[in-house]
Every structure is written in C-alpha cells, then in structure tokens.
Amino acid sequence: MNNARLIKTIPSERLRLLSGDPGKPPVVGDLCQTDQCYSDPGGPMALVYFVSADGQTEWEAEAYESELEPFEQA
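Residues numbered from 1 in each chain as written. Predicted model: local features only at pLDDT ≥ 70, side-chain atom pairs only at ≥ 80, totals over all residues. Heavy atoms only, no water.

Q: Would you take a moment to explain the pattern of salt bridges for this structure?
A: Any two side chains of opposite charge can pair, on the condition that their charged atoms come close. The full count for this structure, using the stated rule, is 3 salt bridges. A salt bridge links Arg14 to Glu67, with the nearest nitrogen and oxygen atoms 2.9 Å apart. Of this pair, Arg14 sits in the loop between strand E1 (3–6) and strand E2 (15–19) while Glu67 sits in the loop between strand E5 (58–64) and strand E6 (68–70), and the two are 53 residues apart along the sequence. A single burial state applies to Arg14 and to Glu67, both of which are buried. Taking the shortest distance from any N to any O, the salt bridge between Glu60 and Arg16 comes out at 3.0 Å. Here Glu60 is found in strand E5, whereas its partner Arg16 is found in strand E2, with 44 residues between them in sequence. With a relative accessible area of 15%, Glu60 lands in the buried category. By relative accessible area, which is 47% here, Arg16 ends up partly exposed. (Salt bridge = Lys/Arg side-chain N within 4 Å of Asp/Glu carboxyl O. Helix = DSSP H or I, 4+ residues; strand = E, 2+ residues; numbered from the N terminus. Buried < 20%, exposed > 50% of the residue type's maximum accessible area, 1.4 Å probe, protein only.)

All quantities given are derived from atomic positions and should not be read as evidence of function.
Here it is, written out as structure tokens:
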C-alpha cells in the first residue's frame, strides 16, 4: 500500500508531529504515504506519513491496516 486514506481515527499515542502545527493532527479522510509494513500482536500495521494540504505540517503515525484503505490517484 503506497497511497492510503485514513478511515478511522489514530490514537494520539501512535502519532508523532514531525514539523508544523500540532493543532492539526490527521483526521478521517486524510491521505497518507505508507513507508513500512510490519506485524503487531493487534494485527498488521504500517508506518505512515501525513502532509497537510499547504505542505506546512507533517505527521508520522503507526496505523493498523484496518484504519487505512488503499487510495489510487486518478
């Protein structure tokens, strides 16, 4: 999964602000780029990156695959 859309809220303990505004965490519907997939006792996970529309804020998150859906850009 290279491009994905967030379909469930990621808990704050699995989010890390890399740069920008801490008041703008990822929300359901945001697009992300996946980096690595790995196993966790709770299920398959991926390390993902979210960049705000203005390019000023970037978040890293550990997301369960069940919190994401594949997204294909047209």
